[in-house]
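Reading the structure
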Amino acid sequence: MDCIFCKILNGDIPSKKVFENDNFIAILDAFPANEGHTLVIPKKHFTNIFEIDEETLKEGYSIARNVANSIRKSLNIENINILQNNGALAGQTVNHFHIHIIPRLENDTVTMKSIPVTIDSKKMEQIALSIKDNM
Ligand code: 5GP
Ligand code: ZN
């Protein structure tokens, strides 16, 4: 499979590893948004959050918090985004599930800004009901 993260996991592409266990690695992002930007990656290939099993997902977020704590201590950073992209429109460029841990600094260049869309309350109610019915 032509997957950059599988190649990293196989050792075909080098990486800066900060953590490894039976199920996950955490590596520095090669094109970091800020110093310490880390990716938590399951060893098994799942495309996105809809494919990954519950147990592995939970472990991934537990590791993400540990990495974030480690970044706090090692880089003395208190502001951190933990995020995860699913699908090209959501910014996913590597189709192997991964969690970003992004340290945030004063006046950095990281953005995910939006202009709020206007939705009337009837439509909001329909949306809420529709999501609720599919839970
Ligand atoms: P996505 O956009 O899919 O949420 O995130 C993919 C991330 O993988 C990007 O932040 C990108 O910088 C990172 N990345 C892409 N290629 C490599 C690579 O070869 N090595 C590492 N360590 N990170 C990579
Ligand atoms: Zn993969």
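Just so it is clear, the model here is predicted, and its values are computed rather than measured. (Residues numbered from 1 in each chain as written. Chains lettered and ligands numbered in written order. Predicted model: local features only at pLDDT ≥ 70, side-chain atom pairs only at ≥ 80, totals over all residues. Heavy atoms only, no water.)

A closer look at the coordination of the zinc ion (ligand 2)
- The coordination sphere of the zinc ion (ligand 2) contains the protein donors Cys-3 (SG), Cys-6 (SG), His-45 (ND1) and His-96 (ND1), at a distance range of 2.0 to 2.3 Å.
- Its four donor atoms give the zinc ion (ligand 2) angles of 102 to 116° at the centre, a pattern that matches the tetrahedral case.
- Sequence positions of the residues that donate to the zinc ion (ligand 2) give the spacing C-x2-C-x38-H-x50-H. Separated by 93 residues along the polypeptide, Cys-3 in the segment before helix H1 (4–10) and His-96 in the loop between strand S4 (80–83) and strand S5 (99–103) bring together distant segments of the chain.
- On the basis of relative accessibility, which here comes to 5%, the residue Cys-3 falls in the buried class.
- According to the relative accessible area criterion, His-96 is buried, its value standing at 0%. (Donors = N, O, S within 2.8 Å, 3.2 Å for Na, K, Ca; no water. Tetrahedral: all angles 85-135°; square planar, octahedral: opposite > 155°, others 65-115°. Helix = DSSP H or I, 4+ residues; strand = E, 2+ residues; numbered from the N terminus. Buried < 20%, exposed > 50% of the residue type's maximum accessible area, 1.4 Å probe, protein only.)

What about the site of ligand 1?
- Near ligand 1 you find 16 residues, and of these Asp-29, Asn-85, Gly-91, Thr-93 and His-100 are the closest.
- A distance of 2.9 Å separates a nitrogen atom of ligand 1 from a polar backbone atom of Leu-28.
- Protein chains shield 85% of the accessible area of ligand 1, which is 520 Å² for the free molecule.
- Under a 2 Å grid-point criterion requiring more than half of the atoms, the pocket assigned to ligand 1 is the largest pocket.
- For the shell around ligand 1, the elements supplying multiple residues, two or more each, are H1 and strand S2 (24–28).
- Top contributing element to the shell around ligand 1 by residue count: H1, with three residues.
- Here the shell around ligand 1 is composed, by residue class, of nine nonpolar, six polar and one charged. (Near = heavy atom within 4 Å. Polar contact = N/O pair within 3.5 Å; in protein donor to acceptor, adjacent residues only side chain to side chain. Areas by Shrake-Rupley, 256 points an atom, 1.4 Å probe, with all protein chains shown as cover. 1 Å grid on protein atoms, 1.4 Å probe; cavity = no way out; pocket = protein on both sides within 12 Å on 5 of 7 lines; lining within 4 Å. Sits in = over half its atoms within 2 Å of the grid points. Nonpolar A, V, L, I, M, F, W, Y, C, P; charged D, E, K, R; others polar.)

Observations regarding the nonpolar core
- Val-40, Val-67, Phe-97 and Ile-101 are the most contacted members of the largest nonpolar core, which totals 15 residues.
- Of all the secondary-structure elements, those providing two or more residues to this core are S2, helix H2 (54–75) and S5.
- The element best represented in this core is H2, accounting for six residues.
- In this view, Val-40 contacts Phe-24, Ile-25, Ala-26, Gly-60, Ile-63, Ala-64, Val-67, Phe-97, His-98, Ile-99 and Ile-101; residues no more than four positions away in its chain are not counted. (Core = buried A, V, L, I, M, F, W, Y, C linked by side-chain atoms within 4.5 Å. Contact = heavy atoms within 4.5 Å.)

Focus: unusual backbone geometry
- The backbone of Asn-76 sits at a positive phi, close to 55°, despite the residue not being glycine.
- Overall, Asn-76 belongs to the exposed group, its relative accessible area being 69%.
- Even without a glycine there, the phi angle at Asn-107 is positive, about 60°.
- With respect to the helices and strands, Asn-107 occurs in the loop between S5 and helix H3 (121–133).
- Take Asn-107: its relative accessible area is 75%, and that puts it in the exposed class.

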